[in-house]
Amino acid sequence: MNFQQSELTQHIAQTAKDFAGQYIKPHLMEWDESQEFPIHIFKEMGKLGLMGVLVPEQYGGSGLSYFEYSVIIQEISKVCGSIGLSLAAHNSLCTGHILAFGNEAQKEKYLTKLATAEFLGAWGLTEANTGSDAGNMKTTAIKEGKDWILNGTKCWITHGKSADVAVVVCRTGEPRAKDNSTAFIVERCIPGFSGGKKENKLGMRASETAEMIFDNCRISDTNRLGEVGAGFKQSMKVLDGGRISIAALSVGIAKGAFEASVQYSKERYQFDQPIANFQGISFKLADMATEIAAAELLINNACYLKMKGLPMTKEAAMAKYYASEVAVKVSTDAVQIFGGYGYTKDFPVEKFYRDSKLCTIGEGTSEIQKLVISREVLR
Ligand SMILES: Cc1cc2nc3c(=O)[nH]c(=O)nc-3n(C[C@H](O)[C@H](O)[C@H](O)COP(=O)(O)OP(=O)(O)OC[C@H]3O[C@@H](n4cnc5c(N)ncnc54)[C@H](O)[C@@H]3O)c2cc1C
């Protein structure tokens with residue numbers, strides 16, 4: 001395995017970095033304070049091919065691999081985790097589900113719009129009482145002639161109000177039965193589909209998180225994704241890929257906090273010298289650099305397996321688990337290095353600190369990652 005970045009990957013990373021510097025950095029605190037979801041930013045990213053990173057060129061996407069996808073998410077998240085999170089939800093959850101399990105007509109109809117950002121995507125699995133235990137969902141889809149009638153509420157959905165199209169996993173069998181759920185593509189314009197409560201969050205405040213409500217929402221059977229009963233298994237596969245993106249989001253946040261810490265520790269003087277001279281600070285930087293590098297290796301390993309089409313459930317969970325814990329630790333230490341200034345909104349590390357916590361929760365908590373990893377090692 002050679003994880004040396006190719007020229008193409010470097011070029012793509014630079015494009016994402018330039019975009020984040022020009023379009024995101026000047027406004028991120030304003031969006032964070034007001035919880036504004038800057039939808040226009042995603043339209044701009046669509047023009048650069050960042051909204052269909054993994055989508056083949058035949059459907060209007062960039063046709064890139066998980067390696068490039070990971071560096072894009074990292075570069076954007078180094079500046080703003082919220083935009084990184086939304087980019088990940090659009091690319092690997094909604095778009096990723098249709099790419100992996102859609103038929104040709106569905107791919108032609110939806111991927112072309114998602115890849116160019118004409119459509120913003122959402123992916124709904126979680127409900128109020130079924131987060132980690134997602135298989136126990138209450139939202140139902142009942143067959144009526146050639147249609148399905150959807151009823152229920154999905155919670156915590158990234159772009160729950162603003163998405164133009166959503167992949168929604170509903171129960172189509174008996175509660176707790178095997179293979180009892182099915183995935184559907186639902187367009188925003190369909191009667192009976194609406195956005196609900198928007199969450200007021202600790203971090204990731206510029207990424208919209210809201211309910212999606214289905215009230216006798218009639219969906220054509222042509223919008224069913226794959227076999228009836230395959231919804232949960234499909235979702236677990238989609239999450240394998242999604243977890244790589246949350247690991248990349250985590251490393252991006254950690255790198256942002258680390259780079260700010262290195263700079264600050266050279267510039268901040270106490271006792272007539274830069275605080276970087278104190279071992280208490282420099283050893284923190286050494287730990288940060290080492291842990292970030294280790295997380296990156298885990299991500300690259302999962303990307304490599306994914307690219308080769310090899311099993312990677314354990315490796316994606318390891319990358320997500322480790323990288324997200326590193327993001328929290330590094331951003332916590334970053335606030336410590338900044339001292340009192342790190343506790344204010346005048347410096348970037350307080351936002352990294354708040355944003356990082358989502359990484360140990362979204363797309364499966366750290367405990368659930370350990371469950372996945374231990375299941376695989378005990379197999
Ligand atoms: C900002 C944000 C964006 C999100 N976006 C989406 C989205 O786009 N689509 C979507 O479907 N969902 C989304 N989610 C939901 C997210 O995936 C869930 O929050 C997550 O899976 C955890 O579920 P929960 O919050 O219900 O926690 P719970 O499942 O209630 O867990 C509570 C605690 O119990 C622990 N726990 C639960 N079960 C076990 C167990 N078996 N063993 C050990 N510990 C356990 C958990 O680790 C956690 O610490 C989002 C969440 C957030 C916060």
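Computed from a predicted structure; not experimentally measured.

**Here we look at the site of the ligand**
Around the ligand lies a shell of 18 residues, among which Thr-126, Ser-132, Trp-156, Thr-365 and Glu-367 are the nearest. At 3.4 Å, a backbone N or O of Glu-363 approaches an oxygen atom of the ligand. In the model, an oxygen atom of the ligand is placed 2.6 Å from a nitrogen or oxygen of the Thr-365 side chain. Here the ligand loses 65% of its free accessible area of 980 Å² to cover by the protein chains. Comparing atom positions with the cavity grids shows the ligand to sit within the largest pocket.

**Some words on the nonpolar core**
Of all hydrophobic cores here, the largest spans 67 residues; its most connected members are Ile-24, Met-45, Ile-76 and Ile-83. When near neighbours in sequence (up to four residues on either side) are disregarded, Ile-24 contacts Phe-19, Trp-31, Ile-41, Ile-76, Val-79, Cys-80 and Ile-83. Counting residues in hydrophobic clusters, the runner-up holds 23 residues, among them Tyr-59, Leu-114, Ala-115 and Leu-225.

**A few points about the layout of surface pockets**
Roughly 1400 Å³ of internal volume is contained in the largest pocket. Along its surface, the largest pocket is lined by 47 residues, and Thr-126, Ile-361, Gly-362, Glu-363 and Gly-364 are the ones closest to its centre. Secondary structure elements with two or more residues in the lining of the largest pocket: α5 (81–101), β1 (121–124), β3 (147–158), α7 (231–267), α10 (349–359) and α11 (366–377). Per-class residue counts for the lining of the largest pocket are 20 nonpolar, 13 polar and 14 charged.

**What to know about the pairing of strand β2 (residues 140–144)**
For β2 and β3, the ladder comprises five bridges, and the chain directions are antiparallel. For Ala-141, the partnering residue across the bridge sits in β3 and is Leu-150. Connecting the antiparallel pair β2 and β3 is a turn made up of two residues, with Gly-145 showing a positive phi of about 65 degrees.

About the cut-offs
Residues numbered from 1 in each chain as written. Predicted model: local features only at pLDDT ≥ 70, side-chain atom pairs only at ≥ 80, totals over all residues. Heavy atoms only, no water. Near = heavy atom within 4 Å. Polar contact = N/O pair within 3.5 Å; in protein donor to acceptor, adjacent residues only side chain to side chain. Areas by Shrake-Rupley, 256 points an atom, 1.4 Å probe, with all protein chains shown as cover. 1 Å grid on protein atoms, 1.4 Å probe; cavity = no way out; pocket = protein on both sides within 12 Å on 5 of 7 lines; lining within 4 Å. Sits in = over half its atoms within 2 Å of the grid points. Core = buried A, V, L, I, M, F, W, Y, C linked by side-chain atoms within 4.5 Å. Buried < 20%, exposed > 50% of the residue type's maximum accessible area, 1.4 Å probe, protein only. Contact = heavy atoms within 4.5 Å. Points joined across faces, edges and corners; volume = space filled by probe spheres on them. Helix = DSSP H or I, 4+ residues; strand = E, 2+ residues; numbered from the N terminus. Nonpolar A, V, L, I, M, F, W, Y, C, P; charged D, E, K, R; others polar. Pairing = 2+ DSSP bridges.

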